[in-house]
Amino acid sequence: ASPFNHIVVTGGAGFIGSNFVHWVLDNQPDAHVTVLDALTYAGNRENLAGCDPERMTFVHGDICDAGLVDRLFAEADACVHFAAESHNDNSIADPTPFLRTNVEGTFTLLQAARNHGVRFHHISTDEVYGDLALDDPNRFTEETPYRPSSPYSSTKASSDMLVRAWHRTYGVEATISNCSNNYGPYQHIEKFIPRQITNILCGIRPKLYGDGKNVRDWIHTEDHSSAVWAILTQGRIGETYLIGADGERSNIDVLRAILTAMGKDADDFDWVKDRPGHDRRYAIDSTKLRRELGWSPKHTNFDEGLARTIQWYTDNPSWWQGAKEATEAKYRAQGQ
Ligand code: NAD
Ligand code: DAU
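Rules used in this analysis
- Position numbers for residues count from 1 along each chain, tracking the sequence in the order it is written.
- Each chain takes a letter, starting from A, and each ligand takes a number, starting from 1, following the order in which they are written.
- Note on the predicted model: pLDDT of at least 70 is required for a residue's local features to be given, and 80 or more for side-chain atom pairs to be given and counted; whole-chain, interface and lining totals, by contrast, use all residues.
- As a convention, hydrogens and water are excluded, and side-chain values are obtained from all of the structure's heavy atoms.
- Axes, fitted as lines to C-alpha atoms, cover a helix only where it is in contact. Angles between the N-to-C directions of the axes lie from 0 to 180 degrees.
- Going along the chain from the N terminus, every DSSP run of H or I of four or more residues is numbered as a helix, and every run of E of two or more is numbered as a strand.
- In this scheme the crossing of two helices becomes right-handed for a clockwise turn of the near helix relative to the far one and left-handed for an anticlockwise turn of less than a right angle.
- Should any heavy atoms of two residues lie within 4.5 Å, those residues are counted as being in contact.
- For this classification, the nonpolar set comprises Ala, Val, Leu, Ile, Met, Phe, Trp, Tyr, Cys and Pro, the charged set comprises Asp, Glu, Lys and Arg, and every other residue, Gly included, is treated as polar.
- Only one rule defines a salt bridge in this text: a Lys or Arg side-chain nitrogen within 4 Å of an Asp or Glu carboxyl oxygen.
- Buried residues are those whose accessible area, probed at 1.4 Å on protein chains only, stays under 20% of the maximum for their type, while exposed residues exceed 50% and partly exposed ones sit between those limits.
- The definition of a polar contact used here is a pair of N or O atoms within 3.5 Å, where within protein one atom must be able to donate a hydrogen and the other to accept one, and adjacent residues in sequence count solely through side-chain atom pairs.
- A cutoff of 4 Å decides nearness: a residue is near a molecule or strand if any of its heavy atoms lies inside that distance of it.
- To measure how exposed things are, a 1.4 Å probe is used in the Shrake-Rupley method; for residues, cover is taken only from the protein chains shown.
- Neither His nor the chain ends is counted toward charge; the positive residues are Lys and Arg and the negative residues Asp and Glu.
- Strand pairing is assigned whenever DSSP detects at least two bridges linking the two strands.

(A) Inspection of the packing of helix α6 (residues 192-202) against helix α8 (residues 251-261) at higher detail. It is at 10 Å that the axes of α6 and α8 come closest, and there the two elements cross at 35°. Between α6 and α8 lies a crossing of right-handed hand. Contacts between α6 and α8 involve F192, I193, Q196, I197 and I200 from the former and N251, V254, L255, I258 and L259 from the latter. Taken together, the residues of the contact of α6 with α8 break down into 8 nonpolar, 2 polar and no charged.

In structure tokens, the structure reads:
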């Protein structure tokens, strides 16, 4: 049985948060989830379609609303905090909402966790560690110094620091996980993989930044969910765990795999302007999580996971078509 049965999930209408809510409802029969989500451009109520209303309550609200957060935490025994502004390119164009949601929002939740003795799990990113050279034999570990590059990753690093301080100073029962790049269903089409899949479906040529050699370490979002549950329920309080599935791939390889799987020529894409400050490579060493908590990923065949993701976007055009024109217009204005 789960030690936590009244769980607040912030950002539960976003990509990873909604996948986590489905995972909990499917795998933890005693758990009730309260989703707190502001439904920004990235949040979509449809991501939670099919959730049992007896076991999932949706609250439309902002994590910076201290009164609302306090009321929800009074009824909760745990919080898993996914809500964030999550896209690097947006943070470069306008960092303002990143400071508010990622820093002030995390602060607001921590204060409520402190007041009500709520177990707090903070979802963070491998980007807090900056980047690695392509030929660096090392990968990120829990001991790697923080060196964030973008407005997005620096606000995530700030939020991690707040969580550590609230644990040490006020005794908040907190853990942090820093995960690598997720893929899977319900990912917003501004992100690399769904942008290219939906470009091809719309007859638009895919767009590759810079020289295309940047490396990301891909993990299926369902494996992220199972890792977060393991840390929430068995992780040591005050600790950080890195989550990754040994999925390093260059962007150009991923793009060519998408093109080929969708029956296109592997060179049928456009080279576009690079992202300012573009991190070269991320790579996670998840030994601590695997050894201490016995976690391992299920989706170890990337091509198979990618094929299912392509199928999902092909089968669900009504989920993404409404956002396509505005998303591409924003990129066009940036030369990307
Ligand atoms: P997303 O952008 O798809 O979803 C974010 C969700 O948060 C949306 O539903 C949005 O409406 C909600 N939200 C935003 N501001 C809010 C506010 N002020 N109050 C309440 N809700 C608000 O993001 P994602 O890709 O699912 O990422 C979720 C979390 O995982 C983030 O914390 C991100 O930093 C982290 N993360 C993401 C990845 C990745 O590959 N996408 C990898 C590692 C870590
Ligand atoms: O590493 C974890 C992070 O992964 C998370 O913290 C972020 O929330 C998440 O957005 C993701 O960040 P990235 O910047 O790595 O993801 P993105 O999908 O934006 O881009 C992936 C890579 O693809 C990156 O090297 C930039 C490149 N890219 C992206 C787009 C949108 C392209 O070449 N073309 C594109 O059109």
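(B) Fine view of the pattern of salt bridges. Applying the stated criterion across every chain yields a total of 19 salt bridges. One salt bridge in this structure joins R236 and E292, with 2.5 Å as the shortest N-O distance. Within this pair, whereas R236 is found in the loop between α7 (221-234) and β11 (240-243), its partner E292 is found in helix α9 (residues 287-293), the two being separated by 56 residues in sequence. Overall, E292 belongs to the partly exposed group, its relative accessible area being 36%.

(C) Spatial organisation of the side chain of T198. Tracing the backbone through its elements, the reader meets T198 in helix α6. Exposure remark for T198: the relative accessible area of 0% places this residue in the buried category. Here the side chain of T198 touches P194 through a polar contact of 2.7 Å, landing on its backbone oxygen.

(D) Looking closely at the site of ligand 1. The local shell around ligand 1 holds 28 residues, among which I16, D37, S86, Y152 and K156 are the closest. Here an oxygen atom of ligand 1 and a backbone polar atom of F15 are 3.1 Å apart. Backbone polar atom of T40 to an oxygen atom of ligand 1: 3.0 Å apart, as the coordinates give it. Burial of ligand 1 by the surrounding chains reaches 96%, relative to a free accessible area of 840 Å². Of all the secondary-structure elements, those providing two or more residues to the shell around ligand 1 are α1 (15-27), β5 (119-125) and α5 (151-170). No other element matches β5, which puts 3 residues into the shell around ligand 1.

(E) Structural view of the environment of D89. Mapped onto the secondary structure, D89 falls in helix α3 (residues 88-93). Separated by 63 residues in the primary sequence, D89 and Y152 place their C-alpha atoms 8.6 Å from one another. Those residues within four positions of D89 in sequence are excluded, and the remaining contacts are Y209, R275, Y331, Q334 and Q336. Within the structure, the side chain of D89 is placed 2.7 Å from the side chain of R275, a separation counted as a polar contact.

(F) Focus on the site of ligand 2. In the vicinity of ligand 2 there are 25 residues, among which D126, Y152, R195, R275 and H278 approach most closely. Within the backbone of S86, a nitrogen or oxygen atom sits 2.7 Å from an oxygen atom of ligand 2. Here H278 contributes a side-chain N or O atom positioned 2.7 Å from an oxygen atom of ligand 2. About the coverage of ligand 2: the protein hides 95% of its 690 Å² of free accessible area. Of the residues belonging to the shell around ligand 2, the class tally is 7 nonpolar, 10 polar and 8 charged.

(G) Quick look at the side chain of D217. With respect to the element layout, D217 can be found in strand β9 (residues 215-217). In this structure, D217 is buried with no salt-bridge partner, the nearest side chain bearing the opposite charge being R139 at 5.4 Å. Here I284 takes part through its backbone nitrogen, which lies 2.9 Å from a polar atom of the side chain of D217. Once residues lying within four places of it in the same chain are set aside, the contact partners of D217 are S180, N181, D246, G247, E248, Y282, A283 and I284.

(H) Just the sheet that holds β11, in detail. If you walk across this open sheet you meet the 7 strands as β3-β2-β1-β4-β5-β6-β11, and the pairing is parallel. The sheet is open, and its two borders are formed by β3 (56-60) and β11, each paired with just one other strand. The sheet shows a mean angle of 20° between the axes of neighbouring strands, taken without regard to direction. Pairing analysis gives 6 bridges linking β5 to strand β6 (residues 174-179), with the strands arranged parallel. Bridged to H122 within β6 is I176. Here helix α4 (residues 96-116) sits on the sheet in contact with β1 (6-10), β4 (78-81) and β5, set at roughly 160° to β5. Along the sheet face, α7 touches β1, β4, β5, β6 and β11 and points at about 145° away from the line of β5.

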